[in-house]
Amino acid sequence: MNERLHSVLAQRGVSPESLAEVCKVDPKTVGRWLGGRVPHRRHRFSVAQHLRVEETFLWPTPPPHGNRPDAGLGTELVGTYQNRASVPRDMWLQLLAEAQEQICVLVFSGTFFAQSNPHVAKMLAERAAVGVRVRLCFGDPGGQAVAVRGREEGIGDTLAAKIRASLTYYRPLLPEAGCDVRLHDTTLYASLFRYDDNLLVNSHVWGQPASANPLLHLKRADATGWFDNYAQSFEAVWAAARPWAPDQKGTATHGQD
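Computed from a predicted model, the values in this text were never measured in an experiment.

Caption draft 1: Seen up close, the overall build of the protein. The helix and strand tally for the protein stands at 11 helices and 8 strands. Sorting the 257 residues of the protein into buried and exposed places 45% on the buried side. For the protein, long-range pairs separated by at least 24 residues make up 71% of all intrachain contacts whose partners lie at least 6 apart in sequence.

Caption draft 2: Highlighting the packing of helix α9 (residues 144–153) against helix α10 (residues 158–167). Their axes nearest at 8 Å, the elements α9 and α10 cross at an angle of 125°. In this view, α9 runs oblique relative to α10, as classed from their interaxial angle. Here α9 contributes Val146, Arg149 and Gly150 to the contact with α10, which in turn contributes Leu159, Ala160 and Ile163. Split into classes, the residues belonging to the contact of α9 with α10 amount to 4 nonpolar, 1 polar and 1 charged.

Caption draft 3: Structural context of the environment of Ala245. Among the secondary structure elements, Ala245 is positioned in the segment after β8 (242–243). Look at Ala245 and you get partly exposed, because its relative accessible area is 27%. Separated by 62 residues in sequence, Ala245 and Leu183 place their C-alpha atoms 9.6 Å apart.

Caption draft 4: Geometry of α9. For α9, the set of buried residues is Ala145, Val146, Arg149 and Gly150. For α9, the angular spread of buried residues about the axis comes to 135°, placing them on one side. The outward face of α9, more than 90 degrees from its buried face, is lined by the exposed residues Gln144 and Arg151. Here the buried face of α9 lies against β3 (133–139) and α10. Positive backbone phi, at 75°, marks Gly154, one or two positions downstream of α9.

Each value, and the rule that gives it
- Residues numbered from 1 in each chain as written.
- Predicted model: local features only at pLDDT ≥ 70, side-chain atom pairs only at ≥ 80, totals over all residues.
- Heavy atoms only, no water.
- Helix = DSSP H or I, 4+ residues; strand = E, 2+ residues; numbered from the N terminus.
- Buried < 20%, exposed > 50% of the residue type's maximum accessible area, 1.4 Å probe, protein only.
- Contact = heavy atoms within 4.5 Å.
- Axes fitted to C-alpha atoms, helices over the stretch in contact; angles between N-to-C directions.
- Parallel < 35°, antiparallel > 145°, perpendicular 65-115°, else oblique.
- Nonpolar A, V, L, I, M, F, W, Y, C, P; charged D, E, K, R; others polar.
- Arc of directions from axis to C-beta.

By themselves, these are just geometric observations and shouldn't be taken as functional.
The following block contains the structure:
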């Protein structure tokens, strides 16, 4: 079975029937592709172009006999999106709701995370109540990294204001066991959203908001792969971040919402 083709069709909301129409083949032919048969070259090109993914992602070139594919190179990549807005809302909700061990978020403001799901704090609290470790790491609105990023995007102090607004959604989590919210003051090369062994990596391009940039969906397959590299970067930033204490005196410029 071609699980990658199945996954991309679901992510893009494309039915096998509509793909058959695009490629001008019988729907049964697409069924055989989903079952593992490799299409003709022209059809592989048409499918990849229509689904906006690399052809080699859907049909990787088999490695030479006896060679093991490089760890992380395609083995962990299960989905790509042109920008964060292309990720189906249902996928965000499903990954959060099904997490069993940990949920880790590393962002500057993460405004969309709450605005696209008004019940996000409640859902996170529910996961924590069943033993899931929840760690949320936002940019320090009074820090240098946020100031620099605001200038680079041409929005000045707006980013700091967005962080303060976003944090208000998570105040109810502070007293919950298993939930931690911290503020970091580091250069953010990618926003990270981890749900157990699934990781959404939203890369940052200079001068552009993260929402406009590509997103990779990784699934952990090897301790030396892409997944663990990003996961380790989260741990490094988390270790240097400070707990968010919105009511603490003297923190008006550092995270008070």
